[in-house]
6 protein chains.
Amino acid sequence: MKIVLLPSEIATVLVEALPYIREFAGKSVVVKLGGAAIDRESDLALAQDVLLLRSVGVRCVLVHGGGPQVDAMLRRVGKEPEFRDGLRVTDAETLEIVRMVLVGKINRDLVATINSQAGSEPVAVGVSGEDAGLLTVTPADSAFGFVGNVTDVRAELIHRLLDDGLTPVISTVGADASGQPYNVNADEAARAIAVAMHAEKIVYLTAVPGLLEEANDERTLIPRLTSAELRERLKSASVGKGMIPKLKACADAVDQGVNFAHIIDGRVHHSLLIELLTDHGVGTMVRKEKSW
Amino acid sequence: MKIVLLPSEIATVLVEALPYIREFAGKSVVVKLGGAAIDRESDLALAQDVLLLRSVGVRCVLVHGGGPQVDAMLRRVGKEPEFRDGLRVTDAETLEIVRMVLVGKINRDLVATINSQAGSEPVAVGVSGEDAGLLTVTPADSAFGFVGNVTDVRAELIHRLLDDGLTPVISTVGADASGQPYNVNADEAARAIAVAMHAEKIVYLTAVPGLLEEANDERTLIPRLTSAELRERLKSASVGKGMIPKLKACADAVDQGVNFAHIIDGRVHHSLLIELLTDHGVGTMVRKEKSW
Amino acid sequence: MKIVLLPSEIATVLVEALPYIREFAGKSVVVKLGGAAIDRESDLALAQDVLLLRSVGVRCVLVHGGGPQVDAMLRRVGKEPEFRDGLRVTDAETLEIVRMVLVGKINRDLVATINSQAGSEPVAVGVSGEDAGLLTVTPADSAFGFVGNVTDVRAELIHRLLDDGLTPVISTVGADASGQPYNVNADEAARAIAVAMHAEKIVYLTAVPGLLEEANDERTLIPRLTSAELRERLKSASVGKGMIPKLKACADAVDQGVNFAHIIDGRVHHSLLIELLTDHGVGTMVRKEKSW
Amino acid sequence: MKIVLLPSEIATVLVEALPYIREFAGKSVVVKLGGAAIDRESDLALAQDVLLLRSVGVRCVLVHGGGPQVDAMLRRVGKEPEFRDGLRVTDAETLEIVRMVLVGKINRDLVATINSQAGSEPVAVGVSGEDAGLLTVTPADSAFGFVGNVTDVRAELIHRLLDDGLTPVISTVGADASGQPYNVNADEAARAIAVAMHAEKIVYLTAVPGLLEEANDERTLIPRLTSAELRERLKSASVGKGMIPKLKACADAVDQGVNFAHIIDGRVHHSLLIELLTDHGVGTMVRKEKSW
Amino acid sequence: MKIVLLPSEIATVLVEALPYIREFAGKSVVVKLGGAAIDRESDLALAQDVLLLRSVGVRCVLVHGGGPQVDAMLRRVGKEPEFRDGLRVTDAETLEIVRMVLVGKINRDLVATINSQAGSEPVAVGVSGEDAGLLTVTPADSAFGFVGNVTDVRAELIHRLLDDGLTPVISTVGADASGQPYNVNADEAARAIAVAMHAEKIVYLTAVPGLLEEANDERTLIPRLTSAELRERLKSASVGKGMIPKLKACADAVDQGVNFAHIIDGRVHHSLLIELLTDHGVGTMVRKEKSW
Amino acid sequence: MKIVLLPSEIATVLVEALPYIREFAGKSVVVKLGGAAIDRESDLALAQDVLLLRSVGVRCVLVHGGGPQVDAMLRRVGKEPEFRDGLRVTDAETLEIVRMVLVGKINRDLVATINSQAGSEPVAVGVSGEDAGLLTVTPADSAFGFVGNVTDVRAELIHRLLDDGLTPVISTVGADASGQPYNVNADEAARAIAVAMHAEKIVYLTAVPGLLEEANDERTLIPRLTSAELRERLKSASVGKGMIPKLKACADAVDQGVNFAHIIDGRVHHSLLIELLTDHGVGTMVRKEKSW
């Protein structure tokens, strides 16, 4: 990957990046990863980005989902995944599998990937929403079983880990007041965590370039819009189904105090780094006010 | 559970307990739980003990195994558990199940049980040996696959969690330098953690009253012995197979700086509390020197 | 004093005591001792209680009076004690004897008793109300001579001694703005100190079981009442004369912010420990509201 | 006391004094007062000096004796003082009186005098050698009863009080390991305290101008000498009996690490201030080496 | 300079000075020096005063002007100084010379003089109003060129230097927002700095005894007056022209929160020390209220 | 300066730069600027670089000389500059001009330039070697007058300013023990300061590309060499006269503990940034060992 640049080109990138590095130092950024499989190369580039950002003081938190992997495991134990209105119907047996796959597999693999890039300083730490009361939930709707809505976030544990130079990787299983675990939508949980942490940014890594004016035409990418404009668009039919929870979470996040919400393309290597440290963002940015 | 005691009896217990409370305040105690199913009542009593001890400043850490539950899950996905010389043969697929069961199920259930007793202050936090480089391992023997021996313990994360008033519950999956996970014997991992933490005590909760002179005769319980005496006994045939790793770990722990190692009966409710806070211990105590 | 209890009985006491230990850790408890002679055994048990409570973080302060001993010394130098309306008439010569007996004898003996039980760590420190402006007084009534009412308490010295792990033993001699010493009622001074310290509890150790519905019938002990109820009772004639200052001080203390006021039997060994660390209090408890 | 000085004269005093103020700031000075009655005027001037020195950061500690007052009180209770070889024979009854007079009277009066000069900030605190293990003693000689030699000094309490801006006034009653009190020679106790505190200076306030070459001829005052020279003189007969313990204590103090020992005239008002803050000392100064 | 004083005279000065030393410890005093040549002796005495005051905790800051020296340098490079209404007309070339003379010569000489008296601990540090945004200015009036009025003071640098035990010597060149330097009136700049520092005192060292009722008659010195009285006098014609900016600055300083403003005679050696540490001030004192 | 780069190119620069940013965070870099005029553009780029590096935690210190400007000013006051063996002969009058030009002009202009780029946070602070004893010197050789060699550096002031987020700009005038100022060679002073600060790097900004194998042929640039190799080269005649002090200072710096010494081209904009934050250095690097 030897790229030859002129001194003036290098200087341009650095002069542009340093103010961002300063600006984000000490601030929190919540990064949501999808469960949809992204290739190993992208995973390693992401791990590198997170470690580089951490090294210059950005407090990165990863939040992950894991739908496809849960489906696979359910089938492996002979149980067909069941959905209603796009939400997973989660009986006790399903919940047990969800928890095992999220906490005991996906989270573990992410922790291992980051630590494999971290040399002699393994900094990734897996956390579940059940730990130290991180995510308190109430049942969403009895029809869906153990699916919960986040009602309270205790971000202290996350802040402490970050204070200690560690990188939390969060599985979105929550618990109610009695300790009963619940499955929680990961896009939504990431939003709740970002709000509770007073994060500067929430970034959704997806397999699309961002929000498009016209589906499938990347040239119609909408680079930035306000939460009000976004809510307006959500009413129209043009937006792809899978994007709705993410987009709603973006609008909610900025309305609740997160300064920036982004939807960016996780398939572009180092897109997180570029988004944070250069003037020309990638993907779609959502803010509360039109302040750009 | 209303027990009526005389003031003088109450005073006796308190006058005896308070010096212990003072002595253990700020010190670390590592408690190893077996994977063998103990009844719900005992689990709740243990959770209470851990929370009470924490409330008076004892730094309790739980370490758990989980052999039977791993076997069950392996069979559920259609794979027969395989052992050689009493050790689990761990291929990649087995490892994945081990990790899911330990980290994603048993650890989670323990965290949930403790938090259910902790009222408005959920303090339990699940940790895996892979987090922040807690357990570094090397392969034990290629014949067993991904089974590792602990070569290094980074106890900082555990100390930080304890400093923050949290109670770590540790699954004994480790990783090698490249981030590859390995299954680790839990008795042995508990010992390594206790040594690295400069713990005051390591306590093995078992389903037996302690080390017996004659198997099955509880009246021959050996209340205390030195590590040298214990090693002598380990050479003889009389000791039950299942006890050997625990006993060896006890001898190693005290020889490596842990002040006390105990094997106590997890079936007696609050046996942990009684062991720590009264003059008459329960089960078997191992020390380096005959200082009692 | 070998009492044999079952593990379940021991566990019951401990499970009950530990939450109290946690609750009182870091909080202040003011204990008032009468000057009336209590036997050596009780003194040693009290010294033990204070040291044990200190060892688990309770900030104990002792306040003492000393009427009988002052009378004895006055007679020894050939001066008959003189009282009016139950209050000692205190001329300059009497004041000098009061001060010598309280500060130079009773306080000293208490300090010595506690330190004799404290092994290699003598923690008791005698303090007089004149030290560092602890008790500022104004003359009560010229008819009584140098008898003062407390108008200001500087609790800093007491807090600092407690912060340093020391146990203050306070003689209730105060001083006015010019430095002139005055004799102060000890029940009342203890109340003023507890209020100024924001103490959690004030405990009056007496030679009676508590407040009785019918004098001399211990079965009519009133276990708890509000300050309003107590003030009502104080209007009736049934209350023993000697108890009135203590009871009034209890009512004032809780009305001025001390959470609990107690009158307990100093003759029962370890009654202080039992009162603080078990559910079933001993003697009479006064609170501002009926919150029990 | 209106003295009119020229600006240049004032400047001379100040320019001379300020370096001393700087030099002594944060350093400890132990001042030993005799029990022999000094007039009220001198007491007030001394109290002023101590408060002024404290105000500029000098850590002053007062240590007092009280022979004459003890004799008076003994006689008042009908007991003739008894001496052997110049030392008080101290039976239990005598000890009780010694303690009452030193701790409950002389110490109290000193505390009151200082606080009367301290305005709204009463800083004097009485301390006995029994408090917090300040003075540990062993019996000197059974022939003298409860007379002890200091074997250990715990200066922490004194340092803490000084750290808090308070001025300790110390009575020289000590205790043995069992808590039994003993009478201690005050000159000697002051020395032991100064050594334990790593004091910069120990100052003996006496009723003489210092050490004289020829008794009663003030013109033969010896302004300074080394501890070796002083020990030599102590062998000769010329030195007044009453001065011997002080002189010996001075020699011991400087040999054990105190930088300066002084014997000055307590009858000259503000002699302490002048000694510390000007070039021309008053009285006799003892140092280990001839470094002047 | 050997002056022989009686012990009682010395004591009088010390007893008077110590409370002032205590009062000013930790407080800031801004001292303004004129540019008018004062003899070397006075400079050394001032340097000594500043160092002595510093040694007892007074936070002294020096601010200097330098009109005559600027005139001399201007003439040396062949440029005639130009004034309008008493203010220097400051073109770019003049500004360059002003800056070189103030920062590169007068400030340097003051720093060197202080450090020459400071033995092994050179504490003086030169600072210009341009450093770390100390003095932000706006142009006063285009007719005068680069002459600015202070609009903002950033006193952090000065506080930090003082915290580190250093003595700032300030040249009064300021800068506007773009970094363009401006000449600033030193009397006025000293006032602005004193106000921003919440100084206790501002002291103008002049070549006159203070404010006189009748010019040239030193016996008519006005020892103290309020800012309101001073403003009244400024309206009358009697006040000497050169004194007006200083007097106005004094009135402004106390009205803006500085507790005391003084005009004293810099020709009297140690006048600063005498002013601060004795009851009988020298020169004229201005306060907001008649509180003396 | 709009340069369009591909995301992968940007990522390459950032991935390369971030580890350097982390590595240098908290470390000190001393940058020596020549007095030879560099254009305004370069000055602004350098100011930007220093501020950007500061913003990511690099502790930059600027040290400047100023020969040509001194010559100009000397001539302006009618004095011909005089040199012997390449060193300025510095009589008292010359010294006064040197000090005014360095401290009162060049230093000031650098401070103003940096602050003009620093927006609302002016961070540059001018310092002279005379301040707080920064540079202690002894006369070099009486033939040269007031020319001194640095014998001691007190770097505390510099560290404190850096700790406070400020950027020191240092003029190389020193003082001897008596406070007499001396002119000091700036290349040499920069070396002494870097050594005393335990700086990571010293960077000489020059008007050449670095050390050339053959003078005037930039293609023969020597990118790196050890101090031993450099000393060898210094013996040969090929090295340009003006470079000798810089080169000698580089060799001395690394031999005395500075990790890297660089000679880079100050005419290339942002050369400082590129040198520090990319793999391919610019100019010539000197190290003690061949560790590259």
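Note that the coordinates shown come from a computational prediction; the quantities given were computed from them, not determined experimentally. (Residues numbered from 1 in each chain as written. Chains lettered and ligands numbered in written order. Predicted model: local features only at pLDDT ≥ 70, side-chain atom pairs only at ≥ 80, totals over all residues.)

### Things to note about the overall build of chain A
- When you go through chain A residue by residue, the secondary structure sums to nine helices and 14 strands.
- Its C-alpha atoms give chain A a radius of gyration of 19 Å, within 12% of the compact-globule value 19 Å for 292 residues.
- Along the first, second and third principal axes, the C-alpha set of chain A runs to 60 × 50 × 35 Å.
- Here chain A, with 292 residues, has 53% of them falling under the buried criterion.
- When contacts within chain A are restricted to residue pairs at least 6 apart in sequence, those whose partners lie at least 24 apart make up 75%. (Helix = DSSP H or I, 4+ residues; strand = E, 2+ residues; numbered from the N terminus. Rg over C-alpha atoms; globule rule 2.2 N^0.38 Å. Buried ≥ 20, exposed ≤ 12 C-beta atoms within 10 Å, placed from the backbone. Contact = placed C-beta atoms within 7 Å.)

### Structural notes on the interface of chain D and chain C
- Between chain D and chain C, the contact holds 31 residues from the first and 31 residues from the second.
- Listed by contribution, the elements that provide at least two residues to the side of chain D that touches chain C are helix 4 (92-117), strand 5 (124-128) and helix 5 (156-163) of chain D.
- Counting residues per element, the side of chain D that touches chain C draws most heavily on helix 4 of chain D, which supplies 12 residues.
- Here the residues of the side of chain D that touches chain C are counted per class, giving 14 nonpolar, eight polar and nine charged. (Nonpolar A, V, L, I, M, F, W, Y, C, P; charged D, E, K, R; others polar.)

### Describing the nonpolar core
- By size, the foremost hydrophobic cluster in this structure holds 600 residues, and its most contacted members are Ile193(A), Ile193(B), Ile193(C), Ile193(D), Ile193(E) and Ile193(F).
- Composition of this core by domain shows at least three residues from each of domain 1 (55-185 + 193-198) and domain 2 (200-292) of chain E.
- Here Ile193(D) is in contact with Val30(D), Val61(D), Val63(D), Val153(D), Ala155(D) and Ile170(D), once residues within four sequence places are set aside. (Core = buried A, V, L, I, M, F, W, Y, C linked by C-beta atoms within 7 Å. Domains from an automatic or database assignment.)

### Some remarks on the packing of helix 6 (residues 186-196) of chain F against helix 8 (residues 244-255) of chain F
All names here are of chain F.
- One can describe the packing of helix 6 onto helix 8 by two numbers: an axis separation of 9 Å at closest approach and a directional angle of 15°. Between helix 6 and helix 8, the interaxial angle falls into the category roughly parallel. Crossing of helix 6 against helix 8: the hand is right-handed. Residues Asp187, Glu188, Ala190, Arg191, Ala194 and Val195 of helix 6 pack against Pro245, Lys246, Ala249, Asp252 and Ala253 of helix 8.
- When its residues are assigned to classes, the contact of helix 6 with helix 8 shows six nonpolar, no polar and five charged. (Axes fitted to C-alpha atoms, helices over the stretch in contact; angles between N-to-C directions. Parallel < 35°, antiparallel > 145°, perpendicular 65-115°, else oblique. Left-handed = near helix turned anticlockwise from the far one by under 90°.)

### Examining the relation of the copies chain D and chain C
- For the pair chain D and chain C, the superposition axis carries a translation of 0.0 Å, the fit reaches an RMSD of 0.1 Å, and the rotation angle comes to 180°. These values place the two chain copies in the arrangement generated by a two-fold rotation axis. Closest approach to the rotation axis within chain D is made by the C-alpha atom of Gly104(D), at a distance of 2.1 Å.
- When the interface residues of chain D are mapped onto chain C, 100% of them again fall at the interface, so both copies present the same face. (Least-squares fit on C-alpha atoms with pLDDT ≥ 70 in both.)

### Some thoughts on the sheet that holds strand 5 (residues 124-128) of chain B
Residues and elements named next belong to chain B.
- Pairing is mixed in the open sheet, where eight strands are placed in the order 5-8-2-1-11-13-14-12. Of all strands in the sheet, those bounded by a partner on one side alone are strand 5 and strand 12 (224-226). Along the sheet, successive strands turn relative to each other by an average axial angle of 20°, direction set aside.
- Relative to strand 8 (residues 167-171), strand 2 (residues 59-64) runs parallel, the two sharing three bridges. Paired with His64 across the two strands is Ser171, which belongs to strand 8. (Pairing = 2+ DSSP bridges.)

### Details of the relation of the copies chain B and chain C
- Aligned on chain C, chain B shows an RMSD of 0.1 Å; the corresponding rotation is 180° and the shift along the axis is 0.1 Å.
- In this assembly, 100% of the residues forming the interface of chain B have copies in chain C that are likewise at the interface, indicating an isologous arrangement.

### Overview of the arrangement of the chains
- Across all C-alpha pairs, the smallest distance from chain B to chain E is 33 Å, and the two are not in contact.
- Separated throughout, chain C and chain E approach each other most closely at a C-alpha pair spaced 20 Å apart.

### Examining the pairing of strand 5 (residues 124-128) of chain C
Residues and elements named next belong to chain C.
- Of all five residues that make up strand 5, five are buried, and the element is covered over most of its length.
- Judged by which residues are buried, strand 5 turns out to be covered on both faces: Ala124, Gly126 and Ser128 on one side and Val125 and Val127 on the other are all buried.
- Across five bridges, strand 5 lies against strand 8 (residues 167-171) in parallel orientation. By the bridge assignment for strand 8, Ser128 is matched with Ser171.

### Topic: the interface of chain B and chain C
- Contacts between chain B and chain C engage 27 residues on the former and 27 residues on the latter.
- Counting residues per element, the ones that place at least two in the side of chain B that touches chain C are helix 1 (7-24), helix 2 (40-55) and helix 9 (271-277) of chain B.
- The leading source of residues in the side of chain B that touches chain C is helix 1 of chain B, at 13 residues.
- Here the residues of the side of chain B that touches chain C sort into 19 nonpolar, six polar and two charged.

### Here we look at the confidence of the model for chain A
- Put simply, chain A has an average pLDDT of 91, and 97% of its residues get 70 or more.
- Complex prediction metrics read pTM 0.83 and ipTM 0.92. (pLDDT = per-residue confidence, 0-100.)

### Regarding the UniProt feature "site: Transition state stabilizer" (unreviewed entry) in chain A
All names here are of chain A.
- UniProt's feature table lists "site: Transition state stabilizer" (unreviewed entry) at Lys32 and Lys246, given in the numbering used throughout. On the basis of their most widely separated C-alpha atoms, the annotated residues across 215 residues gather in one place, lying no more than 9.6 Å apart.
- With near-sequence residues (within four places) excluded, Lys32 lies in contact with Val63, Ala186, Asp187, Ala190, Tyr204 and Leu205.
- Look at Lys246 and you get buried, because 23 C-beta atoms sit within 10 Å. (UniProt positions renumbered as here; feature names shortened; annotations may be inferred.)

### Brief notes about the packing of helix 2 (residues 40-55) of chain F against helix 4 (residues 92-117) of chain F
All names here are of chain F.
- Taken N-terminus to C-terminus, the directions of helix 2 and helix 4 make an angle of 65°; their axes are 9 Å apart at the nearest point. Here helix 2 lies roughly perpendicular to helix 4, going by the angle between them. Like other packed secondary-structure pairs, helix 2 and helix 4 cross with a definite hand, here right-handed. Note on element contacts: helix 4 touches helix 2 through Thr113, Ile114 and Gln117, opposite Asp43, Leu44, Ala47, Gln48, Val50 and Leu51.
- The residue makeup of the contact of helix 2 with helix 4, split by class, is five nonpolar, three polar and one charged.

### As for the UniProt feature "binding site: substrate" (unreviewed entry) in chain A
All names here are of chain A.
- The UniProt record marks Gly66, Gly67, Arg88 and Asn183 with the feature "binding site: substrate" (unreviewed entry), using the residue numbering of this structure. A maximum C-alpha distance of 11.9 Å is found for the annotated residues, which run over 118 residues; spatially they form one tight group.
- By secondary structure assignment, the location of Gly66 is in the loop between strand 2 (59-64) and helix 3 (67-76).
- According to the C-beta neighbour criterion, Gly66 is buried, with 24 such atoms within 10 Å.
- Locating Gly67 in the fold gives a position in helix 3.

### Quick notes on the environment of Leu62(E)
Residues and elements named next belong to chain E.
- Note that Leu62 resides in strand 2 (residues 59-64).
- On the neighbour-count criterion, Leu62 (25 C-beta atoms within 10 Å) is buried.
- In sequence terms Leu62 and Thr167 are 105 residues apart; their C-alpha atoms lie 7.8 Å from each other.
- Discounting chain neighbours no more than four positions away, the residues touching Leu62 are Val31, Leu33, Val50, Leu110, Val169 and Ile170.

### Some points on the environment of Ala177(C)
Residue and element names in this part refer to chain C.
- When you line up the elements, Ala177 lands in the loop between strand 9 (173-175) and strand 10 (181-183).
- Overall, the presence of 16 C-beta atoms within 10 Å leaves Ala177 in the partly exposed class.
- Expressed as a C-alpha distance, the spacing of Ala177 and Asp141, which sit 36 residues apart in the sequence, is 17 Å.

### Concerning unusual backbone geometry
- The residue Ala132(A) is not glycine, and still its phi comes out positive at about 50°.
- Considering the arrangement of structural elements, one finds Ala132(A) in the loop between strand 5 (124-128) and strand 6 (135-139).
- A positive phi angle is found at His198(E), which is not glycine, with a value near 55°.
- Mapping His198(E) onto the fold places it in the loop between helix 6 (186-196) and strand 11 (201-206).
- On the neighbour-count criterion, His198(E) (13 C-beta atoms within 10 Å) is partly exposed.

### A few points about the sheet that holds strand 13 (residues 260-265) of chain C
Residue and element names in this part refer to chain C.
- A sheet is described by the order of its strands in space; here eight strands give the open sequence 5-8-2-1-11-13-14-12, paired in mixed fashion. The sheet is open, and its two edges are formed by strand 5 and strand 12 (224-226), each paired on a single side. Neighbour-to-neighbour, the strand axes of the sheet open up by a mean angle of 20°, direction not taken into account.

### Things to note about helix 1 (residues 7-24) of chain A
- Spanning 18 residues, helix 1 of chain A covers 26 Å between terminal C-alpha atoms, matching the ideal 26 Å at 1.5 Å per step.
- By the burial criterion, the buried members of helix 1 of chain A are Ile10(A), Ala11(A), Thr12(A), Val13(A), Leu14(A), Ala17(A), Leu18(A), Ile21(A) and Phe24(A).
- Those residues of helix 1 of chain A that are buried are in contact with helix 9 (271-277) of chain A together with helix 1 (7-24), helix 2 and helix 9 (271-277) of chain F.
- Phi turns positive, to about 85°, at Gly26(A), one or two residues after helix 1 of chain A. (Expected span 1.5 Å × (residues − 1).)

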